[in-house]
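Topology and contacts: notes
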Amino acid sequence: MSFARTCSVTLVGVEGVVVEVQADLEPGVAAFTLVGLPDKSLTESRDRVRAAVVNSGNQWPQKKLTVGLSPASVPKSGSGFDLAVAAAVLGAAERIDPRVLADIVMIGELGLDGRVRPVRGILPAVLAAADAGYEQVVVPECAATEASLVPGISVLGVRSLRQLIAVLADEPVPDEEPDQPGRPDPLLAGLRLPGTGAATGVHGAGTAQPDHGHDLADVVGQTSARTAVEVCAAGGHHLFLEGPPGAGKTMLAERLPAVLPRLTRQESLEVTAVHSVAGLLPPGKPLIDTAPYCAPHHSATMQALVGGGQGIARPGAVSLSHRGVLFLDEAPEFGGQVLDALRQPLENGTVVIARSAGVVRFPARFLMVLAANPCPCGRFTQRDTLCECPPSAIRRYQARLSGPLLDRVDLRVEVDRVTRAELAACGTPGESSATVADRVRTARERAAARLAGTPWRTNSEVPGRELRSRWHPVPGALDEAERGLERGALTARGLDRVLRVAWTVADLAGHDRPGAGDVALALQLRTGVPRGVPMTVGAAP
């Protein structure tokens, strides 16, 4: 038989499409033709596969060879097809029984010496294979742990093409020479994308233990901001911190992930899939079970923030912070179009990138924290007269954050300058992250019990229509908020967000329904206008 087929997976964003790899040998002049919309890296697999087969001790068939990737209408990219192409060619040459290959999905890049190298996106590729009904996958040995995260599928990790041939042909499996101890594993070279190291502002990915280096107890004073951070974590609300430099805005944002609950199994798989495609999974810890934290620089482009780029679209900062925190420090310094591009993911929880080759969808349900100075010099406050900026400069600076973007932010808090007395105080420190995290977890459990049987898990996800029709606050609790809507101080979206925040405050306070005090605190957190309510969770109704 001169025909064999096996399967591999191509990724479109974080979604995989199973591709059938077919190999056909015919009499004629020796040639190797690859069809099925391959990109440049996939076209080059012809040379990699030929060298790997020969250097693995096998004979390359001297016939006309055609390899087809089906469905042919789907663009294919990447070097992860090498292993499947080599197996299909050897099956057509009868080195391997073609019947053994038909129901196996193979993912991996081949070196010229026959070693199997890992590729990005192993987890979403195996998830796609499992959804398509396949039960066996072959992946590089160093990526077998990541592939094993998918339940109900058998994973075979191989280090070389020789080992794969021996397993499929039922022959003794050869031992590969181990690398010298202390030297870096060459199979991991190039697995990460250039520029995806620690300097990119992506932290917390794959951390096995909580980050004890950032504790809320380190924050001096800032009662209002600490309350806002707690409400933000409990309900998944977006937060805007405004204040002079050195007041603690960055400290509060960096400590927010430690307050968030650990990710569920489904959330961990979603986050891990995005980081796998981006090449950010740390070796030895493939599953991300803590909330990620991403803090891009204000010079980031729109493609870096929301995703895209030339060729295959890559996930941006909003997707890398999926189920975690996206911190935009010095928010007015970001480009106006870049910030306005956040409107869609803030509302929908996804990013849709349209290209001529197709549409790519990335998950992007994150918790956004904006930090900004009140003016260009940063010293403008209502109490001090240290600012020398003219009023026109202050207005232009604050106008860099558009109204539609700020309307999607639930909490707005002014962070005051820390006083000498607060810094010199020798009393007990503020509450630790662990104490606040316990209250946040309890509040989320109350919200989850209330939202059981619905597609929503946090208060920030519930549409305003559902809140008004299914879960009612205490009668009369919304009177002040509705008067703000009539005066134009609140938009209809703003009223819905006040109601969501009020439910979160009620969950933290242990109330069955939001009362007037809960709504008043939500209004104060939303507008920043004092309303005589203590800036602490659980204010008296």
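Calculation notes
- The residue numbering used here restarts from 1 in each chain and proceeds along that chain's sequence as written.
- Since the coordinates come from a predicted model, pLDDT governs what is reported: local features require at least 70, and pairs of side-chain atoms require 80 or more to be given and counted, while whole-chain, interface and lining totals use all residues.
- With hydrogens and water excluded, all non-hydrogen atoms of the structure serve as input to the side-chain values.
- We count a stretch as a helix when DSSP gives it H or I for four or more residues in a row; a strand needs E for two or more, and each element gets its number in order from the N terminus.
- Relative accessible area decides the class of each residue, using a 1.4 Å probe on protein chains only: under 20% of the type maximum gives buried, over 50% gives exposed, and in between gives partly exposed.
- The contact criterion used is simple: two residues touch if any of their non-hydrogen atoms lie within 4.5 Å.
- For the accessible areas, the method is Shrake-Rupley and the probe is 1.4 Å, while residue cover comes only from the protein chains on display.
- Only buried residues count toward a nonpolar core, which is a set of Ala, Val, Leu, Ile, Met, Phe, Trp, Tyr and Cys residues joined through side-chain atoms within 4.5 Å.
- Expected helix span is taken as 1.5 Å per residue step, with the number of steps being one fewer than the number of residues.
- The rule is short: rings of Phe, Tyr and Trp, with Trp giving its six-membered ring, pair when the centres are within 6.5 Å, and they are stacked under 30 degrees, edge-to-face over 60, tilted in between.
- Two cysteine sulfur atoms form a disulfide, by the criterion used here, when they sit within 2.5 Å.
- Note on definitions: salt bridges are taken to be side-chain nitrogens of Lys or Arg within 4 Å of carboxyl oxygens of Asp or Glu.
- In this analysis, axes come from line fits to C-alpha atoms, helices being fitted only over the stretch in contact, and the angle between any two N-to-C directions falls in the range 0 to 180 degrees.
- Angles are sorted into four bins: roughly parallel if under 35 degrees, roughly antiparallel if over 145, roughly perpendicular if 65 to 115, and oblique for all others.
- The handedness criterion is simple: a crossing whose near helix is rotated anticlockwise from the far helix by less than a right angle is left-handed, and one whose near helix is rotated clockwise is right-handed.
- Just so you know the grouping, Ala, Val, Leu, Ile, Met, Phe, Trp, Tyr, Cys and Pro go in nonpolar, Asp, Glu, Lys and Arg go in charged, and all remaining residues, Gly too, go in polar.
- Only strands that DSSP links by at least two bridges are regarded as paired with each other.
- Neither His nor the chain termini are counted; the positive set is Lys and Arg, and the negative set is Asp and Glu.
- Every residue carries a pLDDT, the predictor's confidence in it, which falls somewhere between 0 and 100.

A look at the overall build of the protein
Along the backbone of the protein there are 22 helices and 17 strands. Out of the 541 residues in the protein, the part that is buried amounts to 50%. Long-range contacts, defined here as pairs at least 24 residues apart, represent 72% of the contacts in the protein between residues at least 6 apart. Accessible surface computed for the protein: about 24000 Å², of which carbon and sulfur atoms make up 52%.

Details of the nonpolar core
Ranked by size, the top nonpolar core spans 57 residues in total, and within it Val126, Val318, Leu328, Leu342 and Met368 carry the most contacts. At 6 residues, the largest contribution of residues to this core is made by helix α5 (residues 122-131). The next biggest cluster of nonpolar side chains, apart from the first, holds 55 residues, and it includes Leu260, Val325, Val413 and Leu525.

Describing helix α10 (residues 265-278)
Look at α10: 20 Å from first C-alpha to last across 14 residues, which is about the 20 Å you get at 1.5 Å a residue. Of all the positions in α10, only Glu267, Ser268, Leu269, Val271, Thr272, Ala273, Val274, His275, Ser276, Val277 and Ala278 are classed as buried. Just downstream of α10, Gly279 is the residue with a positive phi angle, here 75°.

Here's the deal with the packing of aromatic side chains
Summed over all chains, the structure comprises 2 aromatic pairs. The interplanar angle of 25° and the centroid separation of 6.5 Å between the aromatic rings of Tyr293 and Phe327 together place this pair among those described as stacked. Here Phe327 lies in strand β13 (residues 325-328) and Tyr293 lies in strand β12 (residues 293-294), a separation of 34 residues in the sequence. Residue Tyr293 is classed as buried on the basis of its relative accessible area, which comes to 9%.

Section: the environment of Cys142
Locating Cys142 in the fold gives a position in the loop between β8 (136-140) and α6 (144-147). Residue classification places Cys142 among the partly exposed positions, given a relative accessible area of 37%. The spatial distance from the C-alpha of Cys142 to the C-alpha of Pro118 is 7.0 Å, given a sequence separation of 24 residues.

Side note on the state of the cysteines
Enumeration over the complete set of coordinates arrives at 0 disulfides. Cysteine Cys387 is unpaired, with the sulfur of Cys375 as its nearest cysteine sulfur at 3.6 Å.

Some details on the side chain of Arg323
Here Arg323 shows up in the loop between α12 (317-320) and β13. In this structure Arg323 comes out as buried when scored by relative accessible area, which is 16%. Contact partners of Arg323, with chain neighbours within four places excluded, come to Leu263, Glu267, Glu270, Val271, Ala291, Pro292, Arg365, Phe366, Arg457 and Glu461.

Thoughts on helix α3 (residues 82-92)
Buried residues dominate α3, accounting for 11 of its 11 residues. Looking at α3, one finds that the buried residues are Asp82, Leu83, Ala84, Val85, Ala86, Ala87, Ala88, Val89, Leu90, Gly91 and Ala92. Trailing α3 by a residue or two, Glu94 shows a phi angle of about 65°, which is positive.

Notes on the environment of Asp103
Looking at where Asp103 falls in the secondary structure, it is placed in the loop between α4 (98-101) and β5 (104-106). Asp103 gets classed as exposed once you look at its relative accessible area, which sits at 52%. Distance from Asp103 to Glu20, taken between C-alpha atoms, is 10.0 Å for residues 83 residues apart in sequence. The contacts of Asp103, once residues within four sequence positions are left out, are Tyr134 and Gln136.

Here's the deal with the pattern of salt bridges
Under the defined criterion, the tally for this structure stands at 29 salt bridges. A salt bridge links Glu333 to Arg400; the shortest N-O distance between them is 3.5 Å. Placement of Glu333 in the loop between β13 and α13 (336-340) and of Arg400 in the loop between α15 (391-398) and α16 (403-407) is noted, with a sequence separation of 67 residues between them. Classification of Arg400 as partly exposed rests on a relative accessible area of 42%. Linked through salt bridges whose partners overlap, the residues forming this network are Glu347, Asp407, Arg408, Asp410, Arg493, Arg497 and Arg526.

So, unusual backbone geometry
In this structure, the amide linkage connecting Ser70 to the following residue, Pro71, adopts the cis form with an omega of 10°. Notably, Glu94 is not glycine yet its phi reads approximately 65°, a positive angle. With respect to the helices and strands, Glu94 occurs in the loop between α3 and α4. Relative accessible area serves as the criterion here: at 54%, Glu94 is assigned to the exposed category. Backbone geometry at Asp170 places phi at a positive 60°, although glycine is not the residue there. Looking at where Asp170 falls in the secondary structure, it is placed in the loop between α7 (161-168) and β10 (202-203). For Asp170, a relative accessible area of 73% corresponds to the exposed category.

Concerning the packing of helix α21 (residues 492-509) against helix α22 (residues 516-527)
Axis angle and axis distance: for two packed helices, these are the angle between their axes and the distance between the axes, and together they describe the pair. Where α21 contacts α22, the two axes come as close as 8 Å, and the packing angle between them is 125°. Classified by the angle their axes make, α21 and α22 are oblique. When the axes of α21 and α22 are compared, the crossing they make is right-handed. The segment α21 lies against α22, with Gly494, Arg497, Val498, Val501, Ala502, Val505 and Ala506 engaging Asp518, Val519, Leu521, Ala522, Leu523, Leu525 and Arg526. A breakdown of the residues in the contact of α21 with α22 according to their chemical character gives 10 nonpolar, 1 polar and 3 charged.

Digging into the pairing of strand β17 (residues 411-414)
Alternating positions in β17 separate cleanly, Leu411 and Val413 being buried on one face and Arg412 and Glu414 remaining unburied on the opposite face. Pairing of strand β11 (residues 239-242) with β17, which is carried by 4 bridges, proceeds in the parallel orientation. Bridge pairing links Leu241 to Val413 in β17.

Quick word on the side chain of Arg226
Counting through the fold element by element, Arg226 comes out in helix α8 (residues 223-235). Despite its burial, Arg226 remains without a salt bridge, the nearest opposite charge being carried by Glu431 at 4.7 Å.

Focus: the environment of Glu242
Along the chain, Glu242 falls in strand β11. Sequence separation between Glu242 and Val413 is 171 residues, and the spatial gap between their C-alpha atoms is 6.4 Å.

Thoughts on the confidence of the model for the protein
Do not read the predicted coordinates in detail wherever pLDDT is low. Residue-level pLDDT values for the protein average 86, and 90% of them are 70 or greater. Contacts from residues 203-210, a stretch scored under 50 in pLDDT, to residues over four places away or in other chains number 17 contacts.

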